[in-house]
Amino acid sequence: MLKRLYIDNFRCLVNFELSFDSINLLLGGNGAGKSTIFDVLWRLQAFIRGNKVDSIFFAIQCTRWQTSPIQSFELEIEGNGGNYKYELAIWHDREKYRCRVQHERLWFNNQQLLECDQSGKVQIYRDDHSKSAEYSLDLSQSILPLLMAEDHNTKLTWFKQRLERLMIIQVNPSGMIDGSNSVEMRLNPNMSNYASWYRYLSQDQGKIFELRDKLKEVLEGFDSFKFVDFGSQNYVLKVNFLEDSNTKKHEYQLSELSDGQRTLIALYTLICSTQSEDYTLCIDEPENFLALPEIQPWLNLVYDLCSEKKLQVLLISHHPKLINYLALSVGYWFTRQANTPVRVKKISKDDNDTGLPMSELVERGWLYDPA
């Protein structure tokens, strides 16, 4: 489970730290830094996957009112019988728009697994924390994607695999393409490759059966998914709906469904494909395109799974249902004034002694505290 994130000198986040529970609701006005949290997590994941540092981090992302050339990030993850702490620092030349890794480090239970310094010297440690291989790196990327899984580095391997189970999503139903010419293990942040990702998920029929049953409960008339073969590995994902008589099926391409229908399909697929597998889902405004009664069953399911430690979820939302349901127990309030850092505090029962619903306090701006 993702436990802690530290960010310094990235846009509006300066000396910023946030700890996480199994379910988390990020609240605040537009421009308060909520989505920036997800952006940083996505960039750290991309870096650990093997992307070059100068294709992910840019000098323009440094905090405008600071002069330091160093961006710093820390990530803590609980799992595999202990606690991982990952550190990354990036040096920026703001005039020439260049950057390089200043250092990269990884610990497990306060004992080192990886050390890369600004000279490019990399030291790897075995599971027993004795020194293993030593490398030289050009400081343009992480050493982690270059390391092969071996018997003596299972802790390093687990960390890389856990980062793959971090999913940062903002559903864009109109961009969900129903055609697919490949099987894709990774889901795009806007879920545009849903059909290709679903082909990968369909290899696990247990997940598909559970998804089908859930969608039958929440999507009127839903019956099943179907791929139509157009040859040369090209497929189109179609959705079958039943008439009231439950005898005649109507077949629609995914793109023919409404935005609300596609959003429901997307949200329930996310849950059914990740529960009980130690995933962290970061979902930006899941309620978009949905009516009030449609988000509540999904939210109930998410809350139950998180309470049972089968899933971790970070939500950004302005929806009154989510605010009233979650804010007092797992809500974080983000505030920011122009050219000042983001500030965040955990919402507690003491923040609402008015008797009004939390969503109304948010709407009236009574939770906003610039001090």
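Residues numbered from 1 in each chain as written. Predicted model: local features only at pLDDT ≥ 70, side-chain atom pairs only at ≥ 80, totals over all residues. Heavy atoms only, no water.

This paragraph deals with the sheet that holds strand S2 (residues 16–19). Read across the sheet, 8 strands follow the order S2-S1-S4-S5-S6-S7-S8-S9 without closing on themselves; strand pairing throughout is antiparallel. Two strands close off the open sheet at either side, each with one partner strand: S2 and strand S9 (131–136). Each neighbouring strand pair of the sheet contributes to a mean axis angle of 15°, computed without reference to strand direction. Relative to strand S4 (residues 70–79), strand S1 (residues 2–8) is paired through 6 bridges, and the arrangement is antiparallel. Each bridged residue has a counterpart across the sheet, and for arginine 4 the counterpart in S4 is glutamate 76. Sitting on the sheet, helix H1 (residues 34–49) is in contact with S1, S2, S4, strand S5 (82–93) and strand S6 (98–108), with an inclination near 95° to S1. Along the sheet face, helix H2 (residues 154–164) touches S1, S4, S5, S6, strand S7 (111–116) and strand S8 (121–125) and points at about 100° away from the line of S4. (Pairing = 2+ DSSP bridges. Helix = DSSP H or I, 4+ residues; strand = E, 2+ residues; numbered from the N terminus. Axes fitted to C-alpha atoms, helices over the stretch in contact; angles between N-to-C directions. Contact = heavy atoms within 4.5 Å.)

Taken as a whole, this structure holds 16 aromatic pairs when the rule is applied. We note arginine 100 situated over the ring of tryptophan 91; from NZ or CZ to the ring centre the distance is 4.7 Å. Sitting over the face of the ring of tryptophan 158, arginine 165 holds its NZ or CZ atom 6.0 Å from the ring centroid. (Phe/Tyr/Trp six-rings, centres within 6.5 Å; stacked < 30°, edge-to-face > 60°. Lys NZ or Arg CZ within 6 Å of the ring centre and 35° of its normal.)

This paragraph deals with the packing of H1 against H2. The geometry of H1 relative to H2 is characterised by a closest axis approach of 10 Å and an angle of 135° between their N-to-C directions. By the angle between their axes, H1 is oblique relative to H2. Judged by the sense of rotation from one axis to the other, the crossing of H1 with H2 is left-handed. Where H1 approaches H2, its residues Gln45, Ile48 and Arg49 are matched on the opposing element by Phe159, Leu163 and Glu164. (Parallel < 35°, antiparallel > 145°, perpendicular 65-115°, else oblique. Left-handed = near helix turned anticlockwise from the far one by under 90°.)

Attention shifts here to the pairing of strand S12 (residues 222–229). Across 7 bridges, S12 lies against strand S13 (residues 235–242) in antiparallel orientation. In the sheet register, lysine 226 faces S13, and the bridge partner there is lysine 238.

Moving on, we get to the environment of cysteine 272. Assignment of secondary structure puts cysteine 272 in helix H5 (residues 259–274). For the pair cysteine 272 and leucine 156, spaced 116 residues apart in sequence, the C-alpha separation works out to 28 Å. Setting aside chain neighbours within four positions, we find cysteine 272 in contact with Lys207, Glu210, Leu211 and Lys214.

All right, on to the layout of surface pockets then. Estimates place the volume of the largest pocket at around 570 Å³. Around the largest pocket, the lining comprises 25 residues; the ones closest to its centre are Glu164, Met185, Arg186, Leu187 and Tyr279. Looking at the lining of the largest pocket, the elements with two or more residues in it are H1, H2, strand S10 (166–169), helix H3 (194–201) and H5. The element that contributes the greatest number of residues to the lining of the largest pocket is S10, accounting for 4 residues. Residues that form the lining of the largest pocket fall into these classes: 12 nonpolar, 6 polar and 7 charged. Of the volumes computed, that of the second largest pocket is approximately 180 Å³. Around the second largest pocket, the lining comprises 13 residues; the ones closest to its centre are Ile48, Thr157, Lys160, Gln161 and Glu164. For the lining of the second largest pocket, the secondary structure elements donating two or more residues are H1 and H2. Of the residues forming the lining of the second largest pocket, the biggest block, 5 residues, is contributed by H2. (1 Å grid on protein atoms, 1.4 Å probe; cavity = no way out; pocket = protein on both sides within 12 Å on 5 of 7 lines; lining within 4 Å. Points joined across faces, edges and corners; volume = space filled by probe spheres on them. Nonpolar A, V, L, I, M, F, W, Y, C, P; charged D, E, K, R; others polar.)

Let us now look at unusual backbone geometry. The backbone of arginine 11 sits at a positive phi, close to 50°, despite the residue not being glycine. With respect to the secondary-structure elements, arginine 11 resides in the loop between S1 and S2.

What follows deals with the side chain of lysine 160. If you trace the backbone, lysine 160 turns up in helix H2. Buried charged residue lysine 160 carries no salt bridge. Nearest counter-charge: glutamate 164, at 9.1 Å. Contact partners of lysine 160, with chain neighbours within four places excluded, come to Leu144, Pro145 and Leu147. (Buried < 20%, exposed > 50% of the residue type's maximum accessible area, 1.4 Å probe, protein only. Lys, Arg positive; Asp, Glu negative; His and termini not counted. Salt bridge = Lys/Arg side-chain N within 4 Å of Asp/Glu carboxyl O.)

Turning next to the state of the cysteines. By definition, a disulfide links the sulfur atoms of two cysteine residues through a covalent bond. Counted by the stated rule, this structure contains 0 disulfides. Cysteine cysteine 62 shares no disulfide, and the gap to the nearest cysteine sulfur, in cysteine 99, comes to 8.9 Å. Residue classification places cysteine 62 among the buried residues on the basis of a relative accessible area of 2%. Left without a disulfide partner, cysteine 306 is nearest to the cysteine sulfur of cysteine 282, which lies 11 Å away. When its relative accessible area of 0% is taken as the criterion, cysteine 306 is described as buried. (Disulfide = S-S within 2.5 Å.)

In sheet architecture, strand pairing relies on hydrogen bonds along the backbone and comes in two forms, parallel and antiparallel. Strand order across the open sheet formed by 6 strands is S10-S15-S16-S3-S17-S18, with mixed pairing between neighbours. The two strands at the open ends of the sheet, each matched to only one other strand, are S10 and strand S18 (343–346). Adjacent strand axes in the sheet meet at a mean angle of 15° when their direction is disregarded. Looking at chain direction, S10 and strand S15 (residues 280–284) are connected through 4 bridges and run parallel. Each residue of the ladder has a partner; that of isoleucine 169, found in S15, is isoleucine 283. Set on the sheet, H1 makes contact with strand S3 (23–28), S10, S15, strand S16 (312–316) and strand S17 (331–335); between it and S10 the angle comes to about 135°.

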